Amino acid sequence: MTCLAVVDLRKRYGGTTYALDGVTRSFGIGITGLLGPNGAGKSTLIRCIAGVENWDDGSVEVTLGAGGRRPRRAVGYMPEVVAFPRELRVRSYLRLVCSAKGVRKAWRGEIEEKLLLTGLAPVADRVIGNLSKGYRQRLGLAQAMIGNPPVLLLDEPVSSLDPINVVDVRRSIRFYARSACVVVSTHQLAEATALSDRVVVLDRGRVAYDGPMSDLGRGRQLTFELEVLARDGDALRVVVDSWNAAGHVRTIRAGEAYAVTVPEVTEAELARRVAVLVSEGCGVIGVRPVGDALEEAFAHAVGNA
Ligand code: ADP
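Nothing here was measured: the structure is a model prediction, and the numbers come from that model. (Residues numbered from 1 in each chain as written. Predicted model: local features only at pLDDT ≥ 70, side-chain atom pairs only at ≥ 80, totals over all residues. Heavy atoms only, no water.)

> Explain unusual backbone geometry to me, using residue names and the numbers behind them.
Of note, the phi angle at N148 is positive, near 50 degrees, even though the residue is not glycine. Structurally, N148 can be placed in the loop between α4 (133-145) and β6 (151-155). Its identity is not glycine, yet E156 carries a phi of approximately 50 degrees, on the positive side. You can see E156 is positioned in the loop between β6 and α5 (163-176). Accessibility expressed as a relative area gives 5% for E156, which makes it buried. (Helix = DSSP H or I, 4+ residues; strand = E, 2+ residues; numbered from the N terminus. Buried < 20%, exposed > 50% of the residue type's maximum accessible area, 1.4 Å probe, protein only.)

> So, helix α8 (residues 267-279): which residues are in play, and what are the values?
A rise of 1.5 Å per residue sets the reference length of α8, with its 13 residues, at 18 Å; its end C-alpha atoms lie 18 Å apart and thus fit the reference within 8%. Listed in full, the buried residues belonging to α8 are L270, R273, V274 and L277. Relative to the axis of α8, the buried residues are bounded by an arc of 105 degrees and lie together on one face. Pointing more than 90 degrees away from the buried face of α8 are the exposed residues A268 and S279. Positive backbone phi, approximately 90 degrees, marks G281, located one or two places after α8. (Expected span 1.5 Å × (residues − 1). Arc of directions from axis to C-beta.)

> So, the site of the ligand: which residues are in play, and what are the values?
Neighbouring the ligand are Y13, A19, P37, N38, G39, A40, G41, K42, S43, T44 and R47. A distance of 2.7 Å separates an oxygen atom of the ligand from a polar backbone atom of G39. Taking T44, its side chain carries an N or O atom lying 2.5 Å from an oxygen atom of the ligand. Protein coverage of the free-state accessible area of the ligand, which is 550 Å², stands at 55%. Looking at the shell around the ligand residue by residue, the classes come out as 4 nonpolar, 5 polar and 2 charged. (Near = heavy atom within 4 Å. Polar contact = N/O pair within 3.5 Å; in protein donor to acceptor, adjacent residues only side chain to side chain. Areas by Shrake-Rupley, 256 points an atom, 1.4 Å probe, with all protein chains shown as cover. Nonpolar A, V, L, I, M, F, W, Y, C, P; charged D, E, K, R; others polar.)

> With reference to specific residues and values, describe the sheet that holds strand β11 (residues 248-253).
In space, the 4 strands of this open sheet follow the order β11-β12-β10-β13, with antiparallel pairing throughout. Two strands bound the open sheet, and with one partner strand each, they are β11 and β13 (283-289). Recorded for the sheet is a direction-independent mean angle of 25 degrees between the axes of neighbouring strands. Here β11 runs beside strand β12 (residues 257-265); their pairing, made up of 5 bridges, is antiparallel. Counted as the bridge partner of H248 is T261 from β12. The sheet contacts of helix α7 (residues 233-243) involve β10 (222-229), β11 and β12, and relative to β12 the element is tilted by about 5 degrees. (Pairing = 2+ DSSP bridges. Axes fitted to C-alpha atoms, helices over the stretch in contact; angles between N-to-C directions. Contact = heavy atoms within 4.5 Å.)

The structure is reproduced here in structure tokens:
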């Protein structure tokens, strides 16, 4: 089910280069990661959808609301940097957000729910100016979630958080995304992998890739290291030498364990070579890509744009 549709969106900030150069995409329930190098147009796209930025051409349509209608506040938005009134207490600030978003009747329950969801309950009565960075980022998330908007836009929501905060914030986002359309922009590949099944990669204002994170590098040649158990190391070397002069075999444990480097192969070719090893009586007990496989796959996707 489509919750959010962006059609041929174009935006430029003076000059001739488009920050968004005809972006057309639909988004449904769940988390979509918005990836791209710096300057790719991620923040611009998020700001246009959030309605805080105008665009030159195209349209943004939010189609899911209570009872299928467009709700009054359809979109929740967490900018990369949220400016808070430092002197307010967390609960009072969220009360203000409720008023601004037209959450009038059940605002108390709404605030308590979002305090719990984002892990802010222990600091609900603290002054915002005294909060740690992690708690302020959680508050940015809570304000965006107030009113349960069917579309939630998060611009770099875990940038500069410590690992414990990252895990907690991811959990809150995943919980919310069970019944909402969540778009998370990030330039961190590990973050996109952890949060989203689907990623949309932007490059110079255009969509360079849209699909599962796991397919981003499909067809790409990578270098792998296999952990192999073999009775006869010399026989193993002969097999590897027959593949490619650049491959090599290294003994990693006394006895029968070897690390075998398989350079520059696709996953299909790797599977074929593993099958050859197994048919030669070797046990393959571990496979790992060498180097920045994810980053290489990403660069490949951007290079194709
Ligand atoms: P990203 O979020 O992917 O890093 P942005 O959306 O911030 O990319 O920027 C896309 C392009 O638009 C960049 O070339 C950037 O310099 C330009 N840009 C973004 N905001 C403004 C602005 N307010 N004024 C002028 N140019 C801008």
